[in-house]
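An overview of the molecular structure
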Amino acid sequence: MGIPSEMRNTWLNKRRESLWITSPVEEEKIRRSRECTREGVRAGAKAAAIACVASAIPTLTAVRTIPWAKANLNYTAQALIISGASIAAYFITADKTILECARRNTQYDKSA
């Protein structure tokens, strides 16, 4: 249900054949922003993996040992607890990493 490959290739080729010629400074900014995004995704994935393990162990242990949890937390609730922690860790870490990288790469005009 995506874009057909012929249409996608045509659209991508049209984007590359722009009337505007980008300056080397703009190309460098684009490269740095892609690098920041990649770095954020990598850090977010690491944090999500750690949060998954860190939330799965106590959740699964509690469901097997605590009577209230055994009675009230079915498989869906357990999955929601674990995935909620992982998703939150991913987005928070990715956002912080991207913003930190953007601050690092910001160039201010010192003469002004």
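Residues numbered from 1 in each chain as written. Predicted model: local features only at pLDDT ≥ 70, side-chain atom pairs only at ≥ 80, totals over all residues. Heavy atoms only, no water.

1. Section: the overall build of the protein chain
Secondary structure summary: the protein chain contains four helices and zero strands in total. In the protein chain, the succession of helices and strands from N to C terminus is α-α-α-α. When each of the 112 residues of the protein chain is scored for burial, the buried share is 18%. At a minimum sequence separation of 6, the contacts of the protein chain that also span at least 24 residues come to 76%. For the protein chain, the accessible area works out to roughly 9400 Å², and carbon and sulfur atoms hold 63% of it. (Helix = DSSP H or I, 4+ residues; strand = E, 2+ residues; numbered from the N terminus. Buried < 20%, exposed > 50% of the residue type's maximum accessible area, 1.4 Å probe, protein only. Contact = heavy atoms within 4.5 Å. Areas by Shrake-Rupley, 256 points an atom, 1.4 Å probe, with all protein chains shown as cover.)

2. Overview of the packing of helix H2 (residues 24-65) against helix H4 (residues 75-105)
Across the interface, H2 lies against H4 with an axial gap of 6 Å and an inter-helix angle of 155°. By the angle between their directions, the pair H2 and H4 is classed as roughly antiparallel. Note on packing geometry: the crossing formed by H2 with H4 is right-handed. (Axes fitted to C-alpha atoms, helices over the stretch in contact; angles between N-to-C directions. Parallel < 35°, antiparallel > 145°, perpendicular 65-115°, else oblique. Left-handed = near helix turned anticlockwise from the far one by under 90°.)

3. Description of the UniProt feature "transmembrane region" (unreviewed entry) in the protein chain
In the UniProt entry, the feature "transmembrane region" (unreviewed entry) is given for residues 47-69 and 75-94. Helix and strand shares over residues 47-69 are 96% and 0% respectively, and the end C-alpha atoms of the span are 26 Å apart. Regarding residues 75-94, the helix share stands at 100% and the strand share at 0%, and the terminal C-alpha atoms are separated by 28 Å. (UniProt positions renumbered as here; feature names shortened; annotations may be inferred.)

4. Here's the deal with the pattern of salt bridges
All told, the structure shown has four salt bridges when counted by the stated rule. Residue Glu 39 pairs with Arg 104 through a salt bridge whose shortest N-O separation is 3.4 Å. Taken together, the residues span a long stretch of sequence, with Glu 39 in helix H2 and Arg 104 in helix H4 at a distance of 65 residues. Residue classification places Glu 39 among the partly exposed residues on the basis of a relative accessible area of 26%. (Salt bridge = Lys/Arg side-chain N within 4 Å of Asp/Glu carboxyl O.)

5. Overview of the packing of aromatic side chains
Considering all chains together, one arrives at one aromatic pair under this definition. Seen in terms of ring centroids, Tyr 90 and Phe 91 are 5.1 Å apart; in terms of plane orientation they differ by 85°. Their pairing is edge-to-face. Owing to a relative accessible area of 24%, Tyr 90 belongs among the partly exposed residues under this scheme. (Phe/Tyr/Trp six-rings, centres within 6.5 Å; stacked < 30°, edge-to-face > 60°.)

6. Looking at the side chain of Gln 78
Relative to the helices and strands, Gln 78 is located in helix H4. For Gln 78, the contacting residues outside a window of four places in its chain are Thr 59, Leu 60, Val 63 and Leu 73.

7. Quick word on the state of the cysteines
This model, assessed by the stated rule, comprises one disulfide. A sulfur-sulfur distance of 2.1 Å marks the disulfide that ties Cys 36 to Cys 101. Its S-S torsion of approximately -70° makes the covalent link between Cys 36 and Cys 101 left-handed. Of this pair, Cys 36 sits in helix H2 while Cys 101 is found in helix H4, placing the two residues 65 residues apart along the sequence. (Disulfide = S-S within 2.5 Å.)

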